[in-house]
Amino acid sequence: MVHNYTMKAAKFLLPLLFLGGLLLYGEPMYSPTWGFRLDLPEGYYFTEGDGRNRFSFEGPSDARFDIVVYHSEGGSPSPYDSLPALVADIQGRLGNAGDAEFFIYRDKEACIIELDFSLGAGSLSGWALAIELPLPPIPLGPLAQSQRPLLLAMAYGPAEIWALQVFHLSALDSLAPEEADRRAPGPITDFTFPRENPLRVPIYGLGLHAWIDADDALASQTLIDREALVLLNYEAEPTWQEAWTRFYRAIYRDSFERLIDIAFQVERHFNVPPLDNRRFAEQVLSWVQSFTYERDQMGSDFLNLVSMAVEGRGDCDPRAMLWALILRQNNINAGIMVSRHLSHAMGLGDLEGPGARFPLQGRTYMVAETTRVVDLGLIAQDHSNIEHWIGILFD
């Protein structure tokens, strides 16, 4: 079932006041200068900045998001010679009462800062992330070749609107500092659940084992539950489709690296000797169809993909995502299609042969029903109206 959230989450609902300006709908922001990506919740709009080193956005209920990149250029050094120097200066200039904690995010020094400061007569709260960026691909001067740029991202808003905290954390966690981070857990999730304890686990129904981290399932479920609270705010908004797409995009990014060995073991099981892409997709589909149908209507109603692959349970949209992710890890273009009208989800694969297809971005993708034992490409007649579906590709 697709997103049937309970009213226990109603305290997280915000009045979405989208003012005039450049709205960010549907696609993440990308910096060609520095190589970072940012996937803000729907409705944030650009308010000021130079489009290169400084960006400011406003979002729901006066939420704010600022990015500044500090770097050396030409003959001028960076304003800060280290990340701790940047953090200390920001703490002092803001008069911030929140703590700061340093950590390593994927070989980059980083710091998460709890924000608690005043601006004028208002009290503001939120979170900030300071992190090293890789050296730019295009030289900006002799100093730039030895001193890594530093990025500061601040997500904050009125302290009295406690429900904004999930927006702040979601926004910061969407930051991918470099290309290699696009398919890895975000910096906030990685800080909270560092992947330090490898664990060998069984893969459901296949007699195989794979390596994950001991906290992978909990970390992924925590992200899913947070993003479900963000998504809940858009159910009555005109941008609900874009918000849904972002929800699944966040899960895909967080899950990809966690499932690398599971996907590899599944591929070795079904694809040795090698099969053509369609036959391999059919084998994976049959495995996913064997799972026990199960929902959690008291929570986000979306089981994390790690638990699902290990325990063999879950409903339509996580199953469709697991099938698509395993195909993507085996170089087959894939995605999912979801329907609010039908409360259902299915997989999409770029596969040859006969069967029902869904048009998306100039191609047609084979439909995969994951909760019924039916062949690849078969779809129920009452589910065949493409106007009821949203197609989502992940790469």
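Anyway, here's the lowdown on the structure attached to this text. (Residues numbered from 1 in each chain as written. Predicted model: local features only at pLDDT ≥ 70, side-chain atom pairs only at ≥ 80, totals over all residues. Heavy atoms only, no water.)

What follows is about the overall build of the protein chain. Scanning the protein chain from terminus to terminus reveals 9 helices and 19 strands. Taking the contacts inside the protein chain whose residues are at least 6 apart along the sequence as the reference set, 61% of them involve residues at least 24 apart. Surface summary for the protein chain: the accessible area is close to 16,700 Å², and the carbon and sulfur share equals 53%. (Helix = DSSP H or I, 4+ residues; strand = E, 2+ residues; numbered from the N terminus. Contact = heavy atoms within 4.5 Å. Areas by Shrake-Rupley, 256 points an atom, 1.4 Å probe, with all protein chains shown as cover.)

Before going further, it helps to spend a moment on the packing of helix α6 (residues 260-270) against helix α7 (residues 277-289). Direction vectors running N to C along α6 and α7 enclose 115 degrees, while the axes themselves pass 10 Å from each other. The angle between α6 and α7 places the two elements in the roughly perpendicular class. α6 and α7 meet at a crossing whose hand is right-handed. Every residue of α7 that contacts α6 at Val266, Glu267 and Phe270 is listed here: Phe280, Gln283, Val284 and Trp287. Per-class residue counts for the contact of α6 with α7 are 5 nonpolar, 1 polar and 1 charged. (Axes fitted to C-alpha atoms, helices over the stretch in contact; angles between N-to-C directions. Parallel < 35°, antiparallel > 145°, perpendicular 65-115°, else oblique. Left-handed = near helix turned anticlockwise from the far one by under 90°. Nonpolar A, V, L, I, M, F, W, Y, C, P; charged D, E, K, R; others polar.)

Further remarks concern the pairing of strand β17 (residues 357-360). The alternating pattern of β17 places Phe358 and Leu360 on a buried face, while none of Arg357 and Pro359, on the opposite face, is buried. As defined by bridge partners, β17 adjoins strand β18 (residues 363-368) across 4 bridges and the pair is classed as antiparallel. By the bridge assignment, Leu360 is partnered in β18 with Arg363. Linking β17 back to β18 in an antiparallel pair, the connection comprises 2 residues, with Gln361 at a positive phi of about 50 degrees. (Buried < 20%, exposed > 50% of the residue type's maximum accessible area, 1.4 Å probe, protein only. Pairing = 2+ DSSP bridges.)

An order of β17-β18-β16-β15-β19 is seen for the 5 strands of this open sheet, with the pairing classed as antiparallel. Two strands bound the open sheet, and with one partner strand each, they are β17 and β19 (390-393). Between one strand and the next, the sheet's axes are offset by a mean angle of 35 degrees, whatever the strand orientation. Judged from the 3 bridges that link them, strand β16 (residues 344-349) and β18 form a sheet pairing that is antiparallel. By the bridge assignment, Gly349 is partnered in β18 with Met366. Helix α9 (residues 316-329) contacts β15 (334-339), β16 and β18 of the sheet and is inclined by roughly 10 degrees relative to β16.

The periodicity of an α-helix, 3.6 residues per turn, causes residues three or four places apart in sequence to face the same way. Its 13 residues give α7 an end-to-end C-alpha distance of 18 Å, which sits within 8% of 18 Å, the value for a rise of 1.5 Å per residue. As for α7, its buried residues are in contact with β11 (198-203), α6, α8 (305-311), α9 and β18. The opening residue of α7, the one whose side-chain oxygen lies 3.1 Å from the backbone nitrogen of Arg278, is Asp276. (Expected span 1.5 Å × (residues − 1). Polar contact = N/O pair within 3.5 Å; in protein donor to acceptor, adjacent residues only side chain to side chain.)

Attention shifts here to the packing of helix α4 (residues 216-232) against helix α5 (residues 240-258). The relative placement of two packed helices comes down to the angle between their axes together with the axis-to-axis distance. Between α4 and α5, whose axes approach to 10 Å, the crossing angle comes to 170 degrees. With respect to α5, the axis of α4 lies roughly antiparallel. Within the contact between the two elements, α4 uses Asp216, Ala219, Ser220, Leu223, Ile224, Glu227, Ala228, Val230 and Leu231 and α5 uses Ala243, Trp244, Arg246, Phe247, Ala250, Ile251, Asp254, Ser255 and Arg258. Per-class residue counts for the contact of α4 with α5 are 11 nonpolar, 2 polar and 5 charged.

Moving on to the nonpolar core. Phe36, Phe65, Trp287, Leu322 and Trp323 are the most contacted members of the largest nonpolar core, which has 89 residues in total. Considering every element that reaches this core, the biggest residue donor is α9, with 9 residues. Not counting the four nearest positions on each side in its chain, Phe36 is found in contact with Met29, Tyr30, Ser31, Phe55, Ile67, Val69, Leu133, Leu151, Leu175, Ala176 and Pro177. (Core = buried A, V, L, I, M, F, W, Y, C linked by side-chain atoms within 4.5 Å.)

Tracing the sequence through the fold places Asp317 in helix α9. Within the buried set, Asp317 has no salt-bridge partner at all; the shortest N-O distance to an opposite charge, 7.7 Å, is to Arg295. A polar contact of 3.0 Å, which involves the side chain of Asp317, links it to the side chain of Tyr248. (Lys, Arg positive; Asp, Glu negative; His and termini not counted. Salt bridge = Lys/Arg side-chain N within 4 Å of Asp/Glu carboxyl O.)

Here we take up the environment of Leu199. Residue placement: Leu199 occurs in strand β11. For the pair Leu199 and Ala214, spaced 15 residues apart in sequence, the C-alpha separation works out to 5.4 Å. Setting aside anything within four residues of it in sequence, one finds Leu199 in contact with Ala210, Trp211, Ile212, Asp213 and Ala214.

What follows concerns the side chain of Asp261. For Asp261, the location among the structural elements is in helix α6. Of the side chains with opposite charge, Arg200 comes closest to the buried, unpaired Asp261, at an N-O distance of 6.5 Å. Within polar-contact distance, the side chain of Asp261 engages the backbone nitrogen of Trp211 at 2.7 Å.

This part covers the pairing of strand β7 (residues 100-105). Relative to strand β8 (residues 108-119), β7 is paired through 6 bridges, and the arrangement is antiparallel. Across the sheet, the residue bridging to Ile104 is Glu109, located in β8. Taking the residues that link successive antiparallel strands as the turn, the β7-β8 hairpin has 2 residues, and the phi of Arg106 there is positive, at about 50 degrees.

Moving on, we come to the environment of Ser78. Assignment of secondary structure puts Ser78 in the loop between β6 (64-70) and α1 (83-94). Contacts of Ser78, omitting those with residues within four sequence positions, involve Tyr70, His71, Ser72 and Gln147.

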